[in-house]
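In case you want the letters, here they are:
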Amino acid sequence: MDLMAVATGVQRTQLFIDGRFVDAAGGETFEDRAPATSELLAHVASGGARDVDRAVAAARRAFDGGPWPRMPAAQRAKVLRRLGALLLENADALAKLEARDAGKPFKETAHRDVPRAADNCAFFASAIEQRAQQVTFDRKPFLGSEREIVSLVREEPVGVCALLTPWNSPLMQATWKIAPALAAGNTCVLKPSELTPLSTLKLAELCSAAGVPDGVVNVVTGFGADAGAPLVADARVDAVAFTGSVAVGTAINVAAAQTLKKVTLELGGKSANIVFDDADLELALEGSVLAMFRHSGQVCLAGTRLFVQAGIYETFVERYLERVRALRVGDPESPESDLGPLISAPHRARVEGFIERALAEGATALLHGGRPAHAELANGHYLEPSIFAPPSDEIAVAREEIFGPVLSLFQFETLDEVVARANDTRFGLSAYVWTRDVGTGMRAAERLHSGMVWINGYFIRDLRQPFGGVKESGLGREGGRWSLDFFTEPKLVCIAY
Ligand code: NAD
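From a predicted model like this one, the values you see are computed outputs, not experimental measurements.

About the cut-offs
Residues numbered from 1 in each chain as written. Predicted model: local features only at pLDDT ≥ 70, side-chain atom pairs only at ≥ 80, totals over all residues. Heavy atoms only, no water. Near = heavy atom within 4 Å. Polar contact = N/O pair within 3.5 Å; in protein donor to acceptor, adjacent residues only side chain to side chain. Areas by Shrake-Rupley, 256 points an atom, 1.4 Å probe, with all protein chains shown as cover. Helix = DSSP H or I, 4+ residues; strand = E, 2+ residues; numbered from the N terminus. Axes fitted to C-alpha atoms, helices over the stretch in contact; angles between N-to-C directions. Parallel < 35°, antiparallel > 145°, perpendicular 65-115°, else oblique. Left-handed = near helix turned anticlockwise from the far one by under 90°. Contact = heavy atoms within 4.5 Å. Expected span 1.5 Å × (residues − 1). Buried < 20%, exposed > 50% of the residue type's maximum accessible area, 1.4 Å probe, protein only. Phe/Tyr/Trp six-rings, centres within 6.5 Å; stacked < 30°, edge-to-face > 60°. Lys NZ or Arg CZ within 6 Å of the ring centre and 35° of its normal. Core = buried A, V, L, I, M, F, W, Y, C linked by side-chain atoms within 4.5 Å. Domains from an automatic or database assignment.

Points about the site of the ligand
Taken together, 27 residues lie near the ligand, and Lys191, Glu194, Ser245, Leu267 and Glu401 sit nearest. Contact between the ligand and Trp167: an oxygen atom at 2.9 Å from a side-chain N or O atom of the residue. Measuring from an oxygen atom of the ligand, one finds a backbone N or O atom of Gly244 at 3.3 Å. Compared with its free state, where it exposes 850 Å², the ligand has 87% of that area covered by protein. Going through the elements one at a time, α7 (224–233), β11 (239–243) and α8 (246–257) are the ones with two or more residues in the shell around the ligand. Considering each element in turn, the shell around the ligand owes the most residues, three residues, to α7.

Brief notes about the packing of helix α2 (residues 73–89) against helix α6 (residues 198–210)
Interaxial distance between α2 and α6 falls to 9 Å at its minimum, and their mutual angle equals 130 degrees. If you check the angle between α2 and α6, you find them oblique. Crossing of α2 over α6 shows right-handed handedness. On α6, the residues that touch Val79, Arg82, Leu83, Leu86 and Leu87 of α2 are Leu203, Leu206, Cys207, Ala209 and Ala210.

Section: helix α5 (residues 170–183)
Because each turn of an α-helix spans 3.6 residues, side chains separated by three or four positions in sequence point in the same direction. With 14 residues, α5 extends 20 Å from end C-alpha to end C-alpha; this agrees with the ideal 20 Å at 1.5 Å per step. Burial runs high along α5: 14 of the 14 residues are buried. Two residues or fewer after α5 comes Gly185, characterised by a positive phi angle close to 100 degrees.

Digging into the packing of aromatic side chains
According to the stated counting rule, one finds 15 aromatic pairs in the structure shown. Ring plane angle 15 degrees and centroid distance 5.9 Å describe the contact between Tyr432 and Trp454, whose orientation is recorded as stacked. One end of the pair, Tyr432, is in strand β18 (residues 430–434); the other, Trp454, is in strand β19 (residues 452–455), and 22 residues separate them in sequence. The residues Tyr432 and Trp454 share a single accessibility class, namely buried. In this structure an aromatic cluster arises from ring pairing among Phe123, Phe124, Trp176, Tyr432, Trp454, Tyr458, Phe459 and Phe467. Over the ring of Phe486 we find Lys262, and its NZ or CZ is 5.3 Å from the ring centre. The ring centre of Trp482 lies 4.2 Å from the NZ or CZ of Arg481, which sits over that ring.

Topic: the environment of Ser245
The residue Ser245 is located in the loop between β11 and α8 in this model. We classify Ser245 as partly exposed; its relative accessible area is 33%. Note: C-alpha distance between Ser245 and Arg100 (145 residues apart in sequence) is 23 Å.

Considering the nonpolar core
The biggest cluster of nonpolar side chains holds 90 residues, and the ones touching the most others in it are Leu83, Leu87, Phe293, Leu301 and Tyr320. Looking at this core, the element that brings in the most residues is helix α4 (residues 106–130), giving ten residues. The residues that make up this core include at least three from each of domain 1 (3–267 + 474–496) and domain 2 (272–462).

These results come straight from atomic positions and should not be treated as a statement about function.
Here it is as structure tokens:
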């Protein structure tokens, strides 16, 4: 199957099990359509419980008897580096495929997502090679005499890992999970979103080309209830790494608890973006627009609640609106576009529902975005940016994760006030603070209840650092050593002599 050829014709994709592309057991397929045009891209194999069974069995065999978990870390690292290099060799085609399938602007898929996917592989190759091993020396009494003790911690792979990903950055998310899982010696079954399966299938093909043995990486495409749920429930699966919505993450946590699997959950957010009077205005404006409208707000980290201090409120809002009005909504494959379409028609309808509800609940529309008028965008799920000043922090537009280009804008007076309002949410993924005063920034960072805080920046993150949220934004952390902690089991071996 030539996935890179989606530009030239409709593809029929298969599942990837035990190193081979195969049809779903039931032979069913579903349609994958381009969010920008509604055009049919592929008939995708619709995996179900029987396919999950085959994929988990393959991953189990590859884990229990195959070479991958037993290989020296340095050899696995070589394979991962080759995979990173293959991603870069195919960068342009992958970025186009991703822009087409996910509706994400090409300038982001080409300059961020694909390079980051390659970086994930290279980073975890080095991280596993350099991971410190723990040894302690001691002396303890045992059966009547003093013994020398050497204790060492053997880090072993966890086993078969279920990796479930959402649709907003499919390739980046898939590599974000498989790179550390593979580096540590695990085998896996990936379940990409039914809305954007294509780049993950290509990734599976590249894994084989890089030298990943058969059965180590398996991909079951399909719907959450049909393919995701049996995968999470399967007793042969040892760990689940999930990125997606709070509702599904919660259900996964409950299901995984039945067999006490390790679970990590990266979920949604309603992140606060706080601009103090003393902020570098240009930086805060540029950063706040990016933090909110990148990928049309379809980003878990989106700074969807913008708090501006009273002293600069009017100037800031005027200039912010100017910049947002200048954002270009259009074909994601064009380098000119800042905002592509939303992922699907039902998702756009849901976002529009929040806009209507905001108006009904008394929010002032400073910018009321609708569907763009251009005829050439009529078949895509496009939506222009909206900015609301809600009458209170309590209404839906100010509280719910909308996952679209809809901002809530508030005015505040003091640090104490804004911290309390920013923390008044069930989410806790990230927060942004713009100020020239290091003390203000650090005091806010200390008190904001979220997994990540950026001062004078948005999502500047090194791969060594932890990523994840508190409260309903998630469970556990990924990134750097935190990913390797998750994908390994420490085993104590103690030698007395
Ligand atoms: P989703 O929860 O609907 O789906 C995520 C994945 O889970 C998909 O592969 C889906 O098929 C699968 N799934 C659905 N139901 C399932 C079930 N019952 N059992 C097992 N798997 C099931 O999320 P989405 O709509 O694809 O993505 C958007 C959400 O993802 C937003 O809430 C966003 O905030 C979140 N997200 C979080 C992060 C993060 O790192 N915190 C990053 C990106 C997206």
